[in-house]
Amino acid sequence: MRIFVLPGDGIGPEICQATVTVLQAADRAFELGLSYDYEEIGFVSLEKYGTTLRDETLDRARSFDGIILGPVSHMDYPPRDKGGPNPSAQFRVKLDLYANVRPARSRPFLNASGKEMDLVIMREATEGFYPDRNMFKGSGEFMPTPDVVISMRKLTAHACERIARAAFVLAMKRRKKVTAIHKANNFILSDGFFLEKVHKVAADFPEVSVDEVIVDAMTAHLVRHPSRFDVVVATNFHADILSDLASELSGGLGLAGSINANAETGRVCAQAQHGSAPDIQGQNKANPTSLILSAGMMLSWLGEQRGLPAFEAAGAAIDRAVDAVLADPKTRTPDLGGPLGTDAFGEHVARRVARG
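Cut-offs and rules
- Residues numbered from 1 in each chain as written.
- Predicted model: local features only at pLDDT ≥ 70, side-chain atom pairs only at ≥ 80, totals over all residues.
- Heavy atoms only, no water.
- Pairing = 2+ DSSP bridges.
- Helix = DSSP H or I, 4+ residues; strand = E, 2+ residues; numbered from the N terminus.
- Right-handed = clockwise from strand over helix to strand, strands pointing away.
- Axes fitted to C-alpha atoms, helices over the stretch in contact; angles between N-to-C directions.
- Salt bridge = Lys/Arg side-chain N within 4 Å of Asp/Glu carboxyl O.
- Buried < 20%, exposed > 50% of the residue type's maximum accessible area, 1.4 Å probe, protein only.

Caption draft 1: Representation of the pairing of strand β9 (residues 209-214) in the model. Bridge count for strand β8 (residues 177-182) against β9 is six bridges, and the pairing is parallel. Bridged to Val178 within β9 is Val210. In this fold, the crossover linking β8 to β9 by way of helix α6 (residues 190-202) has right-handed handedness.

This is how it looks when you write it as C-alpha cells:
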C-alpha cells in the first residue's frame, strides 16, 4: 500500500514525520505493507519550481493508495497566476475529493466545556462560496469597479446529492440521524436547492431521521447541547466554520482528525484540521495529534473500502493510542500543558500502537 507524503509549510514537516512514525508502528503491528514517497509543496516547491504545486505532483498523487497532506501557508502565497495556488484546494478539486469528513469527539480528560460531543461534519469540498473552486477558469470573486467586489457561489445537484449520500451512508453506521445545515430563510434558491437534494437522497434511507437547522442557530446548539447531533451535512462554507467550532468545543483544533475522500474513485487524503503555525516552526513544539488521527482515519477508510480488516484494526488502534497518551498530563504537548515535543509525542503514540 503506497502512501504519498507532502509535508507542506510551517510545522508540516514535523507533524508529518511524527505521523509517519506512528504509521510505521501500525505497519509492523498489523502487517499492512506500507511504503512512502515524498514530494515538495508550498514554499519549498515555490522556491525550487516557481509554483506551490506542480501539475506533476497532482498527477503522481493519482497513483497512490493514500495521501498525507501537511498544512500549508496559502494566505502568504503569491497570487495563483504568479505560482501560488492553494495545494489543499487543488487536491480537493482536481482529485475530486469531495467529502471532507470532520469528526468532533469530546474526551472526559480534556473536556473544558463539560458537555459530551460525538458527531461528524460532512463537508462538501469542491464548490460553494470558495472563489478558487467554483469556476472552470478564473476566480469566482472579482471587482467590476474599484469600489465593488462580487463573490459568486456555485451549487450543483451532483455535488449536493453525493455529499448528502455520503452523510446518510455514514449515519447508517452510527446513530442514524442526519442534520442538514442551511440558511434557506435568506439564501432561498441556493440553500433551498441544497435542502431539496438532501431530502431527495433521504428517501433512500428511511431508517435515518433527518432534521434541518439554520446555520447561525447551529452555532448556539453546538455550544448548548452538542450531544443531540450525530452526522451533520452542509455546503462547503457553512461546514468549514461549524467544523472549526465543533472541534474547538470538543477539545481543540489540534485534537481533530480529518480526511478528504471519494468512495467512487477510491482516493483518500489525510489532512489536519489546523493551519501551518509558522510561529512555532522548527521548534519541536507542535501537537501532531490532528494529523496522526487523520492518518488513522485514512487507514480505517481504506480498510472499509477495500475489505481489509487489518487496516480498520490499525486505524482503531491509532485512535485508542492517541487517547491513552493524551489521558496522561505527563505525555502531552506544550499546547496542552505537557512537556513532550512533537517527535516524542509521536514516539509515545507509536509505542502504544505497537501494543495493538
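Caption draft 2: Layout of the sheet that holds strand β1 (residues 2-6). Taken together, 10 strands build an open sheet; the order of strands is β2-β1-β3-β12-β11-β4-β5-β10-β8-β9 and the sheet is mixed. The open sheet has two edge strands, β2 (35-38) and β9, and neither has a second partner. Ignoring strand direction, the axes of neighbouring strands in this sheet form an average angle of 25°. As paired elements, strand β5 (residues 118-124) and strand β10 (residues 231-234) share four bridges and run parallel to each other. By the bridge assignment for β10, Val120 is matched with Val231.

Caption draft 3: Broad picture of the pattern of salt bridges. Throughout the structure, instances matching the rule amount to 27 salt bridges. For the salt bridge of Arg60 with Asp37, the shortest nitrogen-to-oxygen distance reads 3.2 Å. Here the residue Arg60 occupies a position in helix α3 (residues 55-61), and Asp37 occupies one in strand β2, the gap between them amounting to 23 residues. Exposure remark for Arg60: the relative accessible area of 30% places this residue in the partly exposed category. For Asp37, a relative accessible area of 27% corresponds to the partly exposed category. Salt bridges sharing partners connect three or more residues here, namely Arg2, Asp37, Glu39, Arg54 and Arg60.

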